[in-house]
Amino acid sequence: MKIAKLALAAVALTTTAAVAPGVAVAQEATASVAAGATVYGNDGAEIGTIEAVQGDTVILVVDDMRAPVPTNAFGTNDNGTSLNATKAQIVSMLQAAHQEAVAKRDAALVVGANAVTAKNAPLGTVLEIDGDNVIIARGGDETKKVTLLREHFAASPTGTLMALLTNAQIDAAMGASAPAAESAGE
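Cut-offs and rules
Residues numbered from 1 in each chain as written. Predicted model: local features only at pLDDT ≥ 70, side-chain atom pairs only at ≥ 80, totals over all residues. Heavy atoms only, no water. Helix = DSSP H or I, 4+ residues; strand = E, 2+ residues; numbered from the N terminus. Buried < 20%, exposed > 50% of the residue type's maximum accessible area, 1.4 Å probe, protein only. Contact = heavy atoms within 4.5 Å. Areas by Shrake-Rupley, 256 points an atom, 1.4 Å probe, with all protein chains shown as cover. Salt bridge = Lys/Arg side-chain N within 4 Å of Asp/Glu carboxyl O. Core = buried A, V, L, I, M, F, W, Y, C linked by side-chain atoms within 4.5 Å. Pairing = 2+ DSSP bridges. Expected span 1.5 Å × (residues − 1). Arc of directions from axis to C-beta. Polar contact = N/O pair within 3.5 Å; in protein donor to acceptor, adjacent residues only side chain to side chain.

A. Just the overall build of the protein chain, in detail. What the protein chain contains, in helices and strands, is two helices and 13 strands. Counting the 186 residues in the protein chain, one finds 38% classified as buried. Sequence-distant contacts, at least 24 apart, represent 53% of the contacts inside the protein chain between residues at least 6 apart. Summed over all atoms, the accessible surface of the protein chain reaches about 9,700 Å², with 52% contributed by carbon and sulfur.

B. Highlighting the pattern of salt bridges. Under the defined criterion, the tally for this structure stands at seven salt bridges. Between Arg66 and Glu51 there is a salt bridge, with its nearest N and O atoms 2.9 Å apart. In this pair, Arg66 sits in strand β5 (residues 65-70) while Glu51 sits in strand β3 (residues 46-54), placing the two residues 15 residues apart along the sequence. On the accessibility criterion, Glu51 (37% relative accessible area) is partly exposed. For the salt bridge of Asp63 with Lys87, the shortest nitrogen-to-oxygen distance reads 3.0 Å. Remark: Lys87 occurs in helix α1 (residues 87-108) and Asp63 occurs in the loop between β4 (57-62) and β5; sequence separation between them is 24 residues. Residues joined by salt bridges that share partners form a network here, namely Arg105, Asp106, Asp132 and Arg150.

C. Local environment of the nonpolar core. By size, the foremost hydrophobic cluster in this structure holds 17 residues, and its most contacted members are Leu60, Val62, Val69, Phe74, Leu83 and Ile90. One finds Ala113, Val126, Ala163 and Leu165 within the second-largest nonpolar core, a separate group that totals 16 residues.

D. Fine view of the pairing of strand β7 (residues 80-83). One ladder, built from four bridges, connects strand β6 (residues 74-77) with β7; its direction is antiparallel. Paired with Phe74 across the bridge in β7 is Leu83. In sequence, β6 turns back onto β7 through a hairpin of two residues.

E. Region of interest: α1. Its 22 residues place the ends of α1 32 Å apart at the C-alpha level, agreeing with the 32 Å of an ideal helix rising 1.5 Å per residue. Considered for burial, the residues of α1 that qualify are Ile90, Val91, Leu94, Ala97, Arg105 and Ala108. Burial along α1 is one-sided: seen end-on, the buried residues are contained in an arc of 130 degrees. Counted as exposed and oriented over 90 degrees from the buried face of α1: Ala88, Gln99 and Ala107. On its buried side, α1 packs onto β3, β4, β5, β7, β12 (153-155) and β13 (161-163).

F. Inspection of the environment of Leu60 at higher detail. Relative to the helices and strands, Leu60 resides in strand β4. Relative accessible area serves as the criterion here: at 0%, Leu60 is assigned to the buried category. Leu60 sits 25 residues away from Ala35 along the chain, and the two C-alpha atoms are 9.1 Å apart. Residues contacting Leu60, with those up to four places away along its chain left out, are Val39, Ile47, Gly48, Thr49, Ile50, Met65, Arg66, Ala67, Val69 and Leu83.

G. Looking closely at the side chain of Arg138. Within the fold, Arg138 resides in strand β10 (residues 133-138). Given a relative accessible area of 15%, Arg138 falls into the buried group. Within the local environment of Arg138, its side chain forms a polar contact with the side chain of Asp171, the two groups lying 2.8 Å apart.

H. Inspection of the pairing of β5 at higher detail. Of the strand pairs in this sheet, β4 and β5 are connected by six bridges, and their pairing is antiparallel. Among the inter-strand pairings, Leu60 is bridged to a residue of β5, identified as Ala67. Counted between consecutive antiparallel strands, the loop separating β4 from β5 contains two residues, among which Asp63 sits at a positive phi close to 50 degrees.

What follows is the structure, given as structure tokens:
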């Protein structure tokens with residue numbers, strides 16, 4: 001029985017909630033929305049930086065938190081690219097969304113729960129939760145255990161326990177940790 005502990009960096013956005021449309025409403029269509037641009041609030045103060053533009057969605061980084069924001073929510077003001085909100089409003093929304101996501105994850109993360117991967121493929125059954133370590137029986141087979149961290153999970157929109165990793169990512173990490181584990185035992 002081999003147990004591999006994966007210490008992977010989070011592969012998903014810190015939060016998946018978009019900035020509320022009521023706060024970040026469409027502004028002038030001439031907004032310069034490009035990666036690296038600094039974004040300012042309606043009070044003229046800096047909110048954050050655009051990390052990437054992915055189609056109609058902008059990934060905005062605010063105090064190390066990432067938020068998907070519709071491109072049409074951006075406008076321009078005297079400072080440049082802007083949102084019709086203040087940094088405090090954006091941070092408050094991101095923190096609330098993060099707390100809600102953590103609560104939903106923790107409600108779904110229970111012994112006996114069936115987990116799926118980030119691509120909605122079967123992962124396995126939660127056998128044990130030891131602090132931040134979550135032991136999964138892959139495919140329900142208790143001889144094929146893998147340990148993931150609590151932060152590697154989220155609740156899907158339907159409330160299902162979902163790993164933020166694919167089976168391929170888990171297999172790759174297990175393969176990479178196997179030689180280290182074998183040489184440590186020598």
